[in-house]
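Given next are the chains, with one letter for each unit.
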Amino acid sequence: MEIVTKTYNRVLVQANKDGPRLAIDDKEAGASALGKEASHCNQDRQTSFARGRAKTSVNKLNELGLEVNLESAAFARGGYFITCQESNPRQFPCDTGGCLGNVTNNKLASADVSSSARVEFRLLTADSPDYRIKISKSGSSDLVATLIGPDGKEVKLNEPGGKEPVLRRASKGSYQLNLELPAVASKKGQDREELEKSATVRVQLTALPAQESPKTETPKPETSKPETPKSETLKSEAPKPEASKPETAKSEAPKSKK
């Protein structure tokens with residue numbers, strides 16, 4: 001298993017006619033914009049302003065684990081200025097209150113920020129084991145996380161029953177975990193409220209072999225059953241017939257005649 005991480009930070013800001021300004025960096029990006037609102041006859045005005053910052057860092061925990069830190073902050077303040085419908089200084093000079101028909105012009109300030117990372121899991125060999133991926137996150141709930149398989153289809157991060165997804169070995173391609181933390185602030189007009197969004201998200205990735213070695217079970221002692229003595233059938237031995245010995249004819253000696 002090989003884990004390759006690539007980070008990407010983007011900040012896009014604009015305040016009235018200042019911008020858009022774009023900043024991109026793999027570690028940290030920041031940009032700001034300042035409008036130039038000016039009112040006729042020095043009347044009330046508010047200068048628009050926008051600022052954004054995005055930062056991403058990666059810490060390696062072990063050979064099969066890492067931690068990704070993402071930070072996104074956006075700030076925007078709307079602006080406005082006042083013009084006069086009748087603003088000819090000769091006919092209606094400002095010092096005599098000649099600004100007639102005041103018109104308020106509202107201007108927009110915005111900051112679009114995104115810190116992101118792409119974590120690629122490469123199963124190097126065809127006989128590589130399957131791995132289970134566990135993702136734990138803390139911080140902002142605005143984190144967007146998607147896991148893409150080698151076939152380009154999205155893999156569910158939460159399987160039924162609360163099980164973590166499994167990275168199956170594949171002959172081609174790899175798995176990609178895409179992480180993004182957006183922060184968008186936008187303000188327009190006379191409202192002087194300042195909008196700021198910031199968040200810190202930590203994602204811990206741990207790839208574990210999906211097939212764990214089977215546990216050796218202690219064989220259960222078998223209950224020894226009493227052996228039933230086998231009744232041996234006694235074979236009645238038939239008496240062996242005695243071999244009849246041939247009788248030897250006794251030779252009688254001839255009697256002597258007197």
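Relevant structure appears above.
K.L.:
Can you break down the pairing of strand β7 (residues 100–122) residue by residue, with the values?
P.N.:
Here 14 bridges tie strand β1 (residues 2–15) to β7, and the two strands are oriented antiparallel to one another. Looking across to β7, one finds that Thr5 is bridged to Val119.

K.L.:
Break down unusual backbone geometry for me, citing the residues and quoting the values.
P.N.:
With an omega of 5°, the peptide bond running from Gly19 to Pro20 counts as cis. Examined against the element boundaries, Pro20 turns out to sit in strand β2 (residues 18–25). Phi is positive for Asn16, close to 55°, though the residue is something other than glycine. Its location among the elements puts Asn16 in the loop between β1 and β2.

K.L.:
Requested: an account of the pattern of salt bridges, with residues and values cited.
P.N.:
Applying the stated rule across the entire model yields 6 salt bridges. Among the salt bridges present, the one from Arg122 reaches Glu2, with a minimum N-O distance of 4.0 Å. With a gap of 120 residues between them, Arg122 in strand β7 and Glu2 in strand β1 connect regions that are remote in the sequence. Here Arg122 falls in the partly exposed class, since its relative accessible area comes to 32%. On the basis of relative accessibility, which here comes to 32%, the residue Glu2 falls in the partly exposed class. The residue Arg53 makes a salt bridge to Glu28 at a minimum N-O spacing of 3.9 Å. Here Arg53, found in strand β4 (residues 49–62), pairs with Glu28, found in strand β3 (residues 28–34); they are 25 residues apart in sequence, far enough to count as distant. Among the residues examined, Glu28 registers a relative accessible area of 42% and is labelled partly exposed. The structure contains a network of salt bridges with shared partners spanning Glu2, Glu120 and Arg122.

Cut-offs applied
- Residues numbered from 1 in each chain as written.
- Predicted model: local features only at pLDDT ≥ 70, side-chain atom pairs only at ≥ 80, totals over all residues.
- Heavy atoms only, no water.
- Pairing = 2+ DSSP bridges.
- Helix = DSSP H or I, 4+ residues; strand = E, 2+ residues; numbered from the N terminus.
- Salt bridge = Lys/Arg side-chain N within 4 Å of Asp/Glu carboxyl O.
- Buried < 20%, exposed > 50% of the residue type's maximum accessible area, 1.4 Å probe, protein only.

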